[in-house]
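One letter stands for each residue in the lines below.
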Amino acid sequence: MAQHEQSGSLDNLLTEDREFPPSPAFAAQANATADLYDRAAADRLGFWADQARERLSWHVPFTQTLDWSEAPVAQWFADGKLNAAYNAIDRHVAAGHGDRVAIYFEGEPGDSRAVTYAELLREVSRAANALAALGVTAGDRVVIYLPMIVEATVAMLACARIGAPHSVVFGGFSADALKARIADAQARVVITADGGFRRGKATALKPAVDEALEAPGSPVEHVLVVKRTGQDTAWTEGRDIWWQDALEAADVEHTPEWVDAEHPLYILYTSGTTGRPKGILHTTGGYLTQCAYTHSAVFDLKPETDVYWCTADVGWVTGHSYVVYGPLINGATQVIYEGTPDSPHQGRWWEIIQKYWNSMLYTAPTAIPTCMEWGEQMRSRADRYSL
């Protein structure tokens, strides 16, 4: 039991020595076994080379695992070539899993859709062709400012498909925060929406983009706008384009751009609460290897049977790694939810779990005590036995 030290009316809960070992049956079927520690310790570089080869498909296989010659800059699998979107979608379709659901989307108002891997491939290919038609090529930067809707995942993968690093900006950030990130990345295109649904209201996003682009000298040439809420939207002719129109005009076939393993995949900025936001650049091969490995090992994902749900927003690194790249590379079926856990009531998460029969829920530590405060009566409104 936890060691509690009584002091007045307060308990000291900082000391915790309880252990929760898995059952023998669970351990026997687990993706991650104890021998991983020994394998990694015996040959660290060989261990990661094996993970990269087993978990990713390479267009050009790598021959060198780590180049440390320019330390502290590390280059992983540098002479290999691959594509993140191909690894997340195409290869699953080619393997006969095109009918597997990739994303169960649940909108806050209650609208929902199921997107299979084959459907996701078509949407991402169309989006990649739409971006190419706007002149976006490998190396160009694209800023994504969207709510938690399917199009956010499609936009990220479309950028990766053509080798254009994306910079996702959390939809709750201000116009000034968006402007700073656009300027620093020198983005040519912004992908946004008219708005999103949050806490029962249609919250506009496009006005923040318009404000961010008002000042002269903006590098942005085009703004793709997803029609989500249907609210009135100001329009700049020649710059703004409806996402749905651009995709409808685009071909459903697209050949991915094969990039070096060290090609930039995305830029994600710090929040900027203690100073100017700092852009962190993630490259392709090493990042995808780590995402695929940790997602499989930590969550013990069984893609044939599990329904996974990470509640993080794609505006944060957890959303990049464990909503988009890790789960899709591993062929997962997952839930994406647009809204907050208390809309329209505090039992919304549990209703979603019952609807999609989720086998796992990954959320923030701060969410757990909040759900506890709301009480068991909210959790008991729905069946949670699938977890």
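The structure displayed is predicted, hence computed values, not measured ones.

A look at the overall build of the chain
Scanning the chain from terminus to terminus reveals 14 helices and 20 strands. Over its C-alpha trace the chain gives a radius of gyration of 22 Å, about what one expects of a compact globule, namely 21 Å for 387 residues. The principal-axis extents of the C-alpha atoms in the chain amount to approximately 65 × 55 × 45 Å. Counting all 387 residues of the chain, 51% fall into the buried class. Of the contacts formed within the chain by residues at least 6 apart in sequence, a portion of 70% connects residues at least 24 apart. On the chain, roughly 18,300 Å² of surface is accessible, and the fraction owed to carbon and sulfur atoms is 53%. Positive and negative side-chain charges in the chain, numbering 31 and 49 respectively, have mean positions lying 2 Å apart.

A closer look at the packing of helix 4 (residues 84-97) against helix 5 (residues 117-133)
Relative placement of two packed helices is described by the angle separating their axes and the distance separating the axes. Axis separation between helix 4 and helix 5 bottoms out at 9 Å; the angle between their running directions is 140°. As summarised for this structure, helix 4 and helix 5 are arranged oblique, according to the angle between their axes. Of the two possible hands of crossing, helix 4 and helix 5 adopt the one that is left-handed. Between helix 4 and helix 5, the residues in contact are A88, I89, D90, H92, V93 and H97 and Y117, A118, L120, L121 and V124, respectively. Taken together, the residues of the contact of helix 4 with helix 5 break down into eight nonpolar, two polar and one charged.

Overview of the layout of surface pockets
Of the volumes computed, that of the largest pocket is approximately 790 Å³. In this structure, the largest pocket is lined by 36 residues; those nearest its centre are F170, R198, T311, D313 and G339. Those elements that place two or more of their residues in the lining of the largest pocket are strand 11 (195-198), strand 18 (308-310), strand 19 (334-337) and helix 13 (367-374). Considering each element in turn, the lining of the largest pocket owes the most residues, four residues, to helix 13. Residue classes in the lining of the largest pocket are distributed as 20 nonpolar, 11 polar and five charged.

Details of the sheet that holds strand 6 (residues 101-106)
Taken in spatial order, the five strands line up as 7-6-19-18-20 in an open sheet, and their pairing is mixed. Two strands lie at the open edges of the sheet, namely strand 7 (112-116) and strand 20 (360-362), each paired on one side alone. Each neighbouring strand pair of the sheet contributes to a mean axis angle of 20°, computed without reference to strand direction. By the bridge criterion, three bridges tie strand 18 to strand 20 in an arrangement that is parallel. Across the sheet, Y308 pairs through a bridge with M360, a residue of strand 20. Helix 5 rests against strand 6 and strand 7 of the sheet, and its axis sits at about 90° to strand 7.

Some thoughts on the side chain of T153
With respect to the helices and strands, T153 occurs in helix 6 (residues 150-162). A relative accessible area of 1% places T153 in the buried class. Sequence-distant contacts of T153, that is, excluding residues within four places in its chain, are made with I103, V324, L328 and I336.

Observations concerning the packing of aromatic side chains
Ring pairs (aromatic) are described by centroid distance and by the angle formed between their planes. Under the counting rule described, the total for this entry stands at 21 aromatic pairs. Here the aromatic rings of F47 and W48 are separated by 5.2 Å at their centres, their planes lie at 85°, and the arrangement is edge-to-face. An aromatic cluster is defined as three or more aromatic residues linked by ring pairs; in this entry it consists of W58, F62, W76 and F77.

Remarks on the side chain of S386
Counting through the fold element by element, S386 comes out in the segment after helix 14 (376-379). One polar contact links the side chain of S386 to the main-chain carbonyl oxygen of N358, over a distance of 2.5 Å. Here S386 is in contact with I353, W357, N358 and S359, once residues within four sequence places are set aside.

A short note on the nonpolar core
By size, the foremost hydrophobic cluster in this structure holds 90 residues, and its most contacted members are L157, I191 and Y325. Other than its neighbours up to four places away in sequence, L157 contacts A85, A88, I89, L120, V124, V324, Y325 and L328. W349, W350, I352 and W374 belong to the second-largest nonpolar core, a separate cluster that totals 13 residues.

Quick notes on the pattern of salt bridges
Pairing of side chains with opposite charge becomes possible as their charged atoms draw close. Evaluated as defined, the whole model comprises 17 salt bridges. Put simply, D140 and R188 hold a salt bridge, and the shortest N to O gap is 2.8 Å. Here the residue D140 occupies a position in the loop between helix 5 and strand 8 (142-145), and R188 occupies one in the loop between helix 7 (175-185) and strand 10 (189-193), the gap between them amounting to 48 residues.

A short note on the pairing of strand 8
The side-chain alternation of strand 8 yields two buried faces, one formed by V142 and I144 and the other by V143 and Y145. Across four bridges, the pairing between strand 8 and strand 10 is parallel. Looking at strand 10, one finds that V143 is bridged to V190. The pairing of strand 8 with strand 9 (residues 166-168) spans three bridges and is parallel.

Basis of the calculations
- Residues numbered from 1 in each chain as written.
- Predicted model: local features only at pLDDT ≥ 70, side-chain atom pairs only at ≥ 80, totals over all residues.
- Heavy atoms only, no water.
- Helix = DSSP H or I, 4+ residues; strand = E, 2+ residues; numbered from the N terminus.
- Rg over C-alpha atoms; globule rule 2.2 N^0.38 Å.
- Buried < 20%, exposed > 50% of the residue type's maximum accessible area, 1.4 Å probe, protein only.
- Contact = heavy atoms within 4.5 Å.
- Areas by Shrake-Rupley, 256 points an atom, 1.4 Å probe, with all protein chains shown as cover.
- Lys, Arg positive; Asp, Glu negative; His and termini not counted.
- Charge placed at Lys NZ, Arg CZ, Asp CG, Glu CD.
- Axes fitted to C-alpha atoms, helices over the stretch in contact; angles between N-to-C directions.
- Parallel < 35°, antiparallel > 145°, perpendicular 65-115°, else oblique.
- Left-handed = near helix turned anticlockwise from the far one by under 90°.
- Nonpolar A, V, L, I, M, F, W, Y, C, P; charged D, E, K, R; others polar.
- 1 Å grid on protein atoms, 1.4 Å probe; cavity = no way out; pocket = protein on both sides within 12 Å on 5 of 7 lines; lining within 4 Å.
- Points joined across faces, edges and corners; volume = space filled by probe spheres on them.
- Pairing = 2+ DSSP bridges.
- Phe/Tyr/Trp six-rings, centres within 6.5 Å; stacked < 30°, edge-to-face > 60°.
- Polar contact = N/O pair within 3.5 Å; in protein donor to acceptor, adjacent residues only side chain to side chain.
- Core = buried A, V, L, I, M, F, W, Y, C linked by side-chain atoms within 4.5 Å.
- Salt bridge = Lys/Arg side-chain N within 4 Å of Asp/Glu carboxyl O.

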